[in-house]
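Here are the chains, one letter per residue:
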Amino acid sequence: MALTREEREQFLAEPHVAALAVDAGAGRAPLNVPIWYQYEPDGTVWIMTALDSRKNELIQAAGRFSLMIDRLEPTIRYVSVEGPVIATEPSTIDRLREISARYLPAEKVDGYVEFASKNHGEQVLVRMRPERWLSSDLGSV
């Protein structure tokens, strides 16, 4: 059964790891990788990635990407969103801290932020406005 708009938004607001997919060009399957994301109250989603990453290069070339988020418990549920890139901007330590705190236990955030800021290179924040949604709750099996 498809989810309501409110159910989709609530699901995306939870800290699930997404599968990002983006066109990888002629003769290639889409690039599909796990990624942390943030869902904002205005309906946009954002990801953070290295400025010089293949992921960012492909996203900028395609101008759009999709995220698929799923879970298995307490019911089998997924939400998939696809849309255009609406902004790409340099990331900040505050944004790195925000997304890290979404996924990591509180006592691990500072250490991860310190490590990532020293070792992951220049980061960008890529915002996407979902235009297409697929969703379902298959219940429990």
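Our subject is the structure that appears above.
Peer 1: How would you summarise helix 2 (residues 54-62) if you had to cite specific residues and measurements?
Peer 2: Structural remark: α-helix, 3.6 residues per turn; residues separated by three or four positions point the same way. Buried within helix 2 are the following residues: Lys55, Asn56, Leu58 and Ile59. For helix 2, the buried positions fall inside an angular range of 165 degrees around the axis, keeping them on one side. Facing away from the buried side of helix 2, by more than 90 degrees, are the exposed residues Glu57 and Ala61. In this structure, the buried residues of helix 2 make contact with strand 1 (18-22), strand 2 (31-35), strand 4 (45-50), strand 5 (64-71), strand 6 (76-90) and strand 7 (123-128). Gly63 lies just past helix 2 and shows a positive phi near 75 degrees.

Peer 1: Provide a residue-level description of helix 4 (residues 106-119), including the pertinent values.
Peer 2: Taking 1.5 Å as the rise per residue, helix 4 with 14 residues should run 20 Å; its terminal C-alpha atoms sit 21 Å apart, in good agreement. Listing the buried residues of helix 4 in full gives Val109, Val113 and Ala116. Contacts made by the buried residues of helix 4 are with helix 3 (93-103). Gly121 sits one or two positions beyond helix 4 and adopts a positive phi of about 75 degrees.

Peer 1: Quick one: what's the story with the packing of aromatic side chains, residue by residue and with numbers?
Peer 2: When we look at a pair of aromatic rings, we describe it by the centre distance and by the angle of the planes. Enumeration over the complete set of coordinates arrives at 2 aromatic pairs. Ring plane angle 5 degrees and centroid distance 4.9 Å describe the contact between Trp36 and Tyr103, whose orientation is recorded as stacked. In this pair, Trp36 is assigned in the loop between strand 2 and strand 3 (38-39) and Tyr103 in helix 3, connecting sequence segments 67 residues apart. Taking 5.5 Å as the distance between ring centres and 50 degrees as the angle between the ring planes, the aromatic pair formed by Trp36 and Tyr112 counts as tilted. A residue pair is termed long-range when its members are at least 10 positions apart, and Trp36 in the loop between strand 2 and strand 3 and Tyr112 in helix 4 qualify at 76 residues. Residue Tyr112 is classed as partly exposed on the basis of its relative accessible area, which comes to 26%.

Peer 1: Summarise the pairing of strand 4; cite the residues concerned and give the values.
Peer 2: With respect to burial, strand 4 is a largely interior element, 6 of its 6 residues being buried. In terms of strand pairing, strand 3 meets strand 4 through 2 bridges, oriented antiparallel. Its bridge partner lying in strand 4, Gln38 is registered against Trp46. Where strand 3 folds back onto strand 4 in an antiparallel hairpin, the turn is made up of 5 residues, including Gly43, whose phi is positive at roughly 100 degrees. As paired elements, strand 4 and strand 7 share 6 bridges and run antiparallel to each other. Pairing of Trp46 across the sheet is with Arg127, part of strand 7.

Peer 1: Break down the packing of helix 3 against helix 4 for me, with residues and values.
Peer 2: The N-to-C vectors of helix 3 and helix 4 enclose an angle of 130 degrees; their axes lie 10 Å apart at closest approach. In terms of orientation, helix 3 lies oblique with respect to helix 4. Considering how the two elements wind past one another, helix 3 and helix 4 form a crossing that is right-handed. Where helix 3 abuts helix 4, its residues Ile93, Leu96, Arg97, Ser100 and Ala101 lie against Val109, Asp110, Tyr112, Val113, Ala116 and Ser117. A class-by-class count of the residues in the contact of helix 3 with helix 4 yields 7 nonpolar, 2 polar and 2 charged.

Procedures and definitions
- Residues numbered from 1 in each chain as written.
- Predicted model: local features only at pLDDT ≥ 70, side-chain atom pairs only at ≥ 80, totals over all residues.
- Heavy atoms only, no water.
- Buried < 20%, exposed > 50% of the residue type's maximum accessible area, 1.4 Å probe, protein only.
- Helix = DSSP H or I, 4+ residues; strand = E, 2+ residues; numbered from the N terminus.
- Arc of directions from axis to C-beta.
- Contact = heavy atoms within 4.5 Å.
- Expected span 1.5 Å × (residues − 1).
- Phe/Tyr/Trp six-rings, centres within 6.5 Å; stacked < 30°, edge-to-face > 60°.
- Pairing = 2+ DSSP bridges.
- Axes fitted to C-alpha atoms, helices over the stretch in contact; angles between N-to-C directions.
- Parallel < 35°, antiparallel > 145°, perpendicular 65-115°, else oblique.
- Left-handed = near helix turned anticlockwise from the far one by under 90°.
- Nonpolar A, V, L, I, M, F, W, Y, C, P; charged D, E, K, R; others polar.

The analysis is restricted to geometry; functional conclusions fall outside its scope.
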